[in-house]
Amino acid sequence: MTVSANLQEIRSNIRQACANSNRNPEEITIIGVTKYVTIERTEETINAGINDLGENRLEGFLEKHEHFQDQAKWHFIGTLQSRKVKDIIDKVDVIHSLDRLSLAKEINKRTTVPIDCFVQVNVSGEKSKHGLSPDTVITFLNDVQTYENIRVVGLMTMAPHVNDEKLLRDTFRQLATLRSAIQQENLPQAPCHYLSMGMSNDYQIAIEEGATHIRIGSKLVGTN
Ligand SMILES: *Cc1c(COP(=O)(O)O)cnc(C)c1O
């Protein structure tokens, strides 16, 4: 399938999910996750009208960024080791995986302009998943306030890899509830407007529960 054909179907599903939940499709940003695919397929993705690209590994990110530069807005969506921050910091637009204070400190040190970050939250509590546990996020955000170059624009989560719709919905809803609690805090460094949640298999549910950024790989670009 062409990326355009896939995108058409995804857009139609987004419209449906928005209709179901009284939302405006324009609130939803599709991040095309190109980690599985070649430069050529990534070019097809940009040409299909996707402006936001996501990579989860340093090498893949650097390769795609070098090729496309400012033709896309770049989202780093994978686990980020502190010692690699310096390699991506001047190239990335948004980091979706802020999950510890030592990483915030390193990002703050390596950049001179404030950088948009999502705090990754492990809602489901699975041991295999990265992210802060929900009950520690507000304390974390208070601690982050000392880092003037970190701007927490939202929360990110990865749902469990299951087909249990109720469990998925519940996970996304918890993230949305946490966002509301954070907004009540009125933290200057953490406006926390956005929710980065929903992937190929669960983005419709995520949108119905408030996602503003969906990260779509396999259903948009394929897997090879
Ligand atoms: C790979 C990946 C995605 C996209 O996964 P698909 O199921 O292929 O859509 C989204 N978010 C993160 C963090 C990923 O690593």
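Just so we're clear, the structure is a prediction, and the values are computed from it rather than from any experiment.

About the criteria used
- Residue numbers restart at each chain and count upward from 1, following the sequence in its written direction.
- A pLDDT threshold of at least 70 governs which residues receive local features in this predicted model, and a stricter bar of 80 or more applies before side-chain atom pairs are shown or counted, although totals over entire chains, interfaces and linings include all residues.
- With hydrogens and water set aside, each side-chain value is computed from the structure's full complement of heavy atoms.
- Two strands form a pair only when DSSP identifies at least two bridges running between them.
- Starting at the N terminus, helices and strands are each numbered in turn, a helix being any DSSP run of H or I of at least four residues and a strand any DSSP run of E of at least two.
- Here the term right-handed applies to a crossover when the path leading from its first strand over the helix to its second strand runs clockwise, the strands being oriented away from the viewer.
- To sort residues, take the accessible area from a 1.4 Å probe on protein chains only and compare it with the maximum for the residue type: under 20% means buried, over 50% means exposed, and anything in between is partly exposed.
- Note on method: axes are straight lines fitted to C-alpha atoms, helices fitted across the in-contact stretch only, with angles between N-to-C directions ranging 0 to 180 degrees.
- Convention used here: angles under 35 degrees read as roughly parallel, angles over 145 as roughly antiparallel, angles from 65 to 115 as roughly perpendicular, and any remaining angle as oblique.
- The sense of a crossing depends on the near helix, which, turned anticlockwise from the far helix by less than a right angle, makes the crossing left-handed and, turned clockwise, makes it right-handed.
- The criterion used for residue contact is that any of the two residues' heavy atoms lie within 4.5 Å.
- Residues are grouped as follows: Ala, Val, Leu, Ile, Met, Phe, Trp, Tyr, Cys and Pro are nonpolar; Asp, Glu, Lys and Arg are charged; every other residue, Gly included, is polar.
- Note on definitions. A residue lies near a molecule or strand when any single heavy atom of the residue is within 4 Å of it.
- A 3.5 Å cut-off defines polar contacts: any pair of N or O atoms within that distance qualifies, except that in protein one atom must be a possible hydrogen donor and the other a possible acceptor, and neighbouring residues in sequence count only when both atoms are side-chain atoms.

### Focus: the pairing of strand β3 (residues 73-76)
Here 4 bridges tie strand β2 (residues 52-55) to β3, and the two strands are oriented parallel to one another. Paired with Asp-52 across the two strands is Lys-73, which belongs to β3. Between the parallel elements β2 and β3, the chain passes through helix α3 (residues 58-68) in a crossover that is right-handed. When β3 meets strand β4 (residues 94-98), the two strands line up parallel, connected through 2 bridges. Bridge assignment links His-75 to a residue of β4, and that residue is Val-94.

### Remarks on unusual backbone geometry
For Asn-22, which is not glycine, the phi torsion reads 60° and is therefore positive. A residue is classified by how much of its surface remains accessible, and Asn-22, at 77% relative accessible area, is exposed. Residues other than glycine seldom take positive phi values, yet Gln-69 does so here, at roughly 45°.

### Things to note about the packing of helix α6 (residues 137-144) against helix α7 (residues 165-185)
Working note: a packed helix pair is described by the angle between its axes plus the distance between those axes. Packing of α6 against α7 leaves a shortest axis separation of 10 Å and a crossing angle of 40°. Relative to α7, α6 is oriented oblique. α7 is crossed by α6, and the crossing has right-handed handedness. On α7, the residues that touch Val-137, Ile-138, Leu-141 and Asn-142 of α6 are Leu-178, Ala-181, Ile-182 and Glu-185. Per-class residue counts for the contact of α6 with α7 are 6 nonpolar, 1 polar and 1 charged.

### Focus: the site of the ligand
In the vicinity of the ligand there are 13 residues, among which Lys-35, Tyr-36, Ser-200, Gly-217 and Ser-218 approach most closely. The side chain of Lys-35 places a nitrogen or oxygen atom 2.7 Å from an oxygen atom of the ligand. Separating an oxygen atom of the ligand from a backbone N or O atom of Gly-217 is a distance of 2.8 Å. Split by residue class, the shell around the ligand holds 7 nonpolar, 4 polar and 2 charged.

### Digging into the pairing of β2
Side chains Asp-52 and Gly-54 of β2 all project onto a buried face; the interleaved residues Leu-53 and Glu-55 project onto the opposite face, where all are buried too. As judged from the 3 bridges shared by strand β1 (residues 29-33) and β2, these two strands associate in the parallel manner. Paired with Gly-32 across the strands is Leu-53, a residue of β2. The parallel pair β1 and β2 is bridged by helix α2 (residues 39-47), and the resulting crossover is right-handed.

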